[in-house]
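Examining the three-dimensional arrangement
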Amino acid sequence: MTVRPSSRTSHPDTVGSLSVSARRLTAGTGRGGAAGDLHGVLNTPFGTRLLIGDAMGKGREGARTAGTVLEAWSELASRERSLEALAVRLHSAVAHSAEPDRFVTAALLTIAPDGAADLVCCGHPPPLLIRDGGAVPAAVPAPAPPLGLLDLAHGWCAAQPVPACAWERMLLHTDGVTEARDADGDFYPLAERAAELAGRPLEVFTAALTADLLHHARGSLQDDASLLAVEAAPALLHA
């Protein structure tokens, strides 16, 4: 399933073993709409799989490329056991699309019910791992090129493990969030603000981050911005 951005502040969605809350803002006024950002969350035989990405191009061009990746993701995420192989298949979908000069930065995760995860970063910011009042980017010693450009790395990529003990909440995002500037030209301090707001319930957390981001950017973003936050579903927390 694709978890759609929401303005709710009540209950997050549940997908597989995870509670999920997503927000998407488009450049300009910040209202959601057709854009190059994309995300997906799907319960599969291999665990709960997450995708977030940012397609090169603005407006309809970026949206078409994003749609190509999401369509391939929907078809393949439940069939490809290997996260690396899934990323390569998504790369192929971009490289052989009707617009082969496009590329898409993306982060892909497979999260087991116990919270252990595998992560592939293809030219995309790694997720923030939030735990004990802190927020740090997941370590990615060997990031790969974006989807559509994996041939620069001989057509392959490597998954990195993310231990269950490293996070209680995970925040995936596009660079439109961290590159948003205030009146002084300073970038949005996502890790700092995520840590400060981490004590709030998941849906309130993403709503507060979204409002804070727009305040920082004076209500007008220069690039599309997406947030995708996940944590263990309540039933698992009390199991």
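Residues numbered from 1 in each chain as written. Predicted model: local features only at pLDDT ≥ 70, side-chain atom pairs only at ≥ 80, totals over all residues. Heavy atoms only, no water.

A few points about the overall build of the protein chain
- Helix and strand counts for the protein chain stand at 6 helices and 11 strands.
- Expressed as a percentage of its 239 residues, the buried residues of the protein chain come to 51%.
- Surface exposure of the protein chain reaches about 10600 Å², of which carbon and sulfur atoms provide 54%. (Helix = DSSP H or I, 4+ residues; strand = E, 2+ residues; numbered from the N terminus. Buried < 20%, exposed > 50% of the residue type's maximum accessible area, 1.4 Å probe, protein only. Areas by Shrake-Rupley, 256 points an atom, 1.4 Å probe, with all protein chains shown as cover.)

Some points on the packing of aromatic side chains
- Applying the stated criterion to the full structure yields 0 aromatic pairs.
- Lying across the ring of F205, R169 places its NZ or CZ 4.7 Å from the centre. (Phe/Tyr/Trp six-rings, centres within 6.5 Å; stacked < 30°, edge-to-face > 60°. Lys NZ or Arg CZ within 6 Å of the ring centre and 35° of its normal.)

Considering the packing of helix 4 (residues 190-197) against helix 5 (residues 202-216)
- Between helix 4 and helix 5, the shortest axis-to-axis distance is 10 Å and the interhelical angle comes to 140°. Classified by the interaxial angle, the pair formed by helix 4 and helix 5 is oblique. In the packing of helix 4 onto helix 5, the handedness of the crossing is right-handed. Where helix 4 abuts helix 5, its residues L190, R193, A194 and L197 lie against F205, A208, L209 and D212.
- Per-class residue counts for the contact of helix 4 with helix 5 are 6 nonpolar, no polar and 2 charged. (Axes fitted to C-alpha atoms, helices over the stretch in contact; angles between N-to-C directions. Parallel < 35°, antiparallel > 145°, perpendicular 65-115°, else oblique. Left-handed = near helix turned anticlockwise from the far one by under 90°. Contact = heavy atoms within 4.5 Å. Nonpolar A, V, L, I, M, F, W, Y, C, P; charged D, E, K, R; others polar.)

Some points on the nonpolar core
- Formed by 25 residues in total, the largest nonpolar core has its most connected members in W73, L86, L90, L108 and L147.
- Among the elements that make up this core, the one with the highest residue count is helix 2 (residues 83-95) (6 residues).
- Here L90 is in contact with V69, A72, W73, L76, L108 and L147, once residues within four sequence places are set aside. (Core = buried A, V, L, I, M, F, W, Y, C linked by side-chain atoms within 4.5 Å.)

With respect to helix 4
- Taken residue by residue, helix 4 has L190, R193, A194 and L197 as its buried positions. All buried residues of helix 4 fall inside an arc of 100° around its axis, so they share one side.
- Check the buried side of helix 4 and you find it contacts strand 7 (128-131), strand 8 (134-137), strand 10 (169-173), helix 3 (175-178), helix 5 and strand 11 (225-232). (Arc of directions from axis to C-beta.)

Examining the sheet that holds strand 8
- Read across the sheet, 6 strands follow the order 1-2-11-10-7-8 without closing on themselves; strand pairing throughout is antiparallel. Either end of the sheet is taken by a strand with one partner, and the two such strands are strand 1 (13-15) and strand 8. Strand-to-strand twist in this sheet, taken as the mean axis angle between neighbours without regard to direction, amounts to 25°.
- Looking at chain direction, strand 1 and strand 2 (residues 18-25) are connected through 3 bridges and run antiparallel. (Pairing = 2+ DSSP bridges.)

In short, the description is geometric, and any link to function would need to be established separately.
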